[in-house]
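Results of the structural survey
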Amino acid sequence: MKDKKINLTFNGIDVETANSNRSSICQIGIVHVVEGKIVDTWQTLVNPEDWFDPMNVSIHRITERDVRESPTMPEIRQELRRRLRGQILVSHTSFDRVAFERAMNKYDLEQLQVAWLDSARIVRRAWPQYSQRGYGLKNVASDLGIQFKHHDALEDAKAAAQITVIACRESGFGVDRWVRKLPVPEPNSVRAREKMTYKGIAYEDLDGVVEELRDHSLVFTGTLRMTRSEATTLATSAGCTVTSSVTQKTSVPVVGSQDEYRLNGYKKSSKHRKAEQLIAEGNEIQIISEQDFTELIKTITNA
């Protein structure tokens, strides 16, 4: 496989967010990979014009004060366009892609015109041991001997890029072939109606389903706009397992609005606090808002 010439030219990206709303991007890291080697990097703090959850701050150490003089998303949109437009863009799991879609919609900006590629989905197919679990960035990087500072956007982007290069070489599939095998849905934006292609290559869905939340263990907490029954039905139809409590097996807590009269003096529900405790202990858990959940669900039900 090593002697086979495959396409290993792409960009890698990662973001950190100020709170559980994925549109609250406060840091972006980008790496440019040419023929399997990182040749350039770029990172910036971003003022999300949003509140900072102390839990998020405890993870990435970025505070509201740190970004006070940083550019907003509209102010860096042109730089993102210059660096990324028309190219393959790798992120580990779909959450970074959704964050960008949400942030662009927030400011009514044109979506990133890129061919998104999920390195976690590559990992799940390239190596059978990760097909169902263990495909988080930290775990895979550790297994491959990749050292990095987790929850720093540039460091995470580098790790995702390195993982992608190794997986491509071992599978014999270049990034362009993975793009065809692992399509992503169109951005949910009125300004992005045309189906994305990469250099004229149309996406082909070999699996028959777009994986965004599939195989994840979800827990709902707080008051949702929809009923719990409706939310559970949507989640299970997407291939998720819905549980009533937060455990180490939980991967995605979905947070609705919080009723202060039912929280016994706390600002967050017991499930929310338990998830944050597990994150602090090193568990790979992504807390998302109900709006993020519904956006991810749309990518599956509309696929």
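You'll find the structure just up there.
The structure contained in this document is the topic of the report that follows. (Residues numbered from 1 in each chain as written. Predicted model: local features only at pLDDT ≥ 70, side-chain atom pairs only at ≥ 80, totals over all residues. Heavy atoms only, no water.)

1. Description of the pattern of salt bridges
- All told, the structure shown has 10 salt bridges when counted by the stated rule.
- Residue R83 is joined to D40 by a salt bridge in which the shortest nitrogen-to-oxygen separation is 3.4 Å. With R83 in helix α2 (residues 73–84) and D40 in strand β3 (residues 37–45), this residue pair connects regions lying 43 residues apart in the sequence.
- The class for R83 is buried, based on a relative accessible area of 12%.
- Taking relative accessible area as the criterion, D40 reaches 35% and is therefore assigned partly exposed.
- We note a salt bridge from E101 to R97, for which the minimum N-O separation is 2.8 Å. (Salt bridge = Lys/Arg side-chain N within 4 Å of Asp/Glu carboxyl O. Helix = DSSP H or I, 4+ residues; strand = E, 2+ residues; numbered from the N terminus. Buried < 20%, exposed > 50% of the residue type's maximum accessible area, 1.4 Å probe, protein only.)

2. Concerning the packing of helix α4 (residues 119–126) against helix α6 (residues 153–171)
- Two elements in contact, α4 and α6, have axes whose closest approach is 10 Å; the angle formed by their N-to-C orientations is 35 degrees. The two elements α4 and α6 cross, and the hand of that crossing is left-handed. Taking contact as the criterion, the partners of S119, I122, V123 and A126 in α4 are, on α6, A160, I163, T164 and A167.
- Residues that form the contact of α4 with α6 fall into these classes: 6 nonpolar, 2 polar and no charged. (Axes fitted to C-alpha atoms, helices over the stretch in contact; angles between N-to-C directions. Left-handed = near helix turned anticlockwise from the far one by under 90°. Contact = heavy atoms within 4.5 Å. Nonpolar A, V, L, I, M, F, W, Y, C, P; charged D, E, K, R; others polar.)

3. Things to note about the packing of aromatic side chains
- Inspection of every chain in the model, using the stated rule, returns 4 aromatic pairs.
- Taken together, a centroid distance of 5.2 Å and an interplanar angle of 80 degrees make the contact between F220 and F293 edge-to-face. Of this pair, F220 sits in strand β6 (residues 217–221) while F293 sits in helix α10 (residues 290–301), placing them 73 residues apart in sequence. In this structure, F220 and F293 share a single accessibility class: buried.
- Above the plane of the ring of F173 lies R177, whose end atom (NZ or CZ) is 3.7 Å from the centre. (Phe/Tyr/Trp six-rings, centres within 6.5 Å; stacked < 30°, edge-to-face > 60°. Lys NZ or Arg CZ within 6 Å of the ring centre and 35° of its normal.)

4. Some points on the sheet that holds strand β2 (residues 25–34)
- In spatial order, the strands read β3-β2-β1-β4-β5; together these 5 strands make up an open sheet with mixed pairing. The open sheet has two edge strands, β3 and β5 (115–118), and neither has a second partner. Here the average twist between neighbouring strands, direction ignored, is 25 degrees.
- By the bridge criterion, 4 bridges tie strand β4 (residues 88–91) to β5 in an arrangement that is parallel. When the sheet's bridge partners are listed, S91 is paired in β5 with D118.
- Contacts from α4 reach β4 and β5 within the one sheet, and its direction differs from that of β5 by about 50 degrees. (Pairing = 2+ DSSP bridges.)

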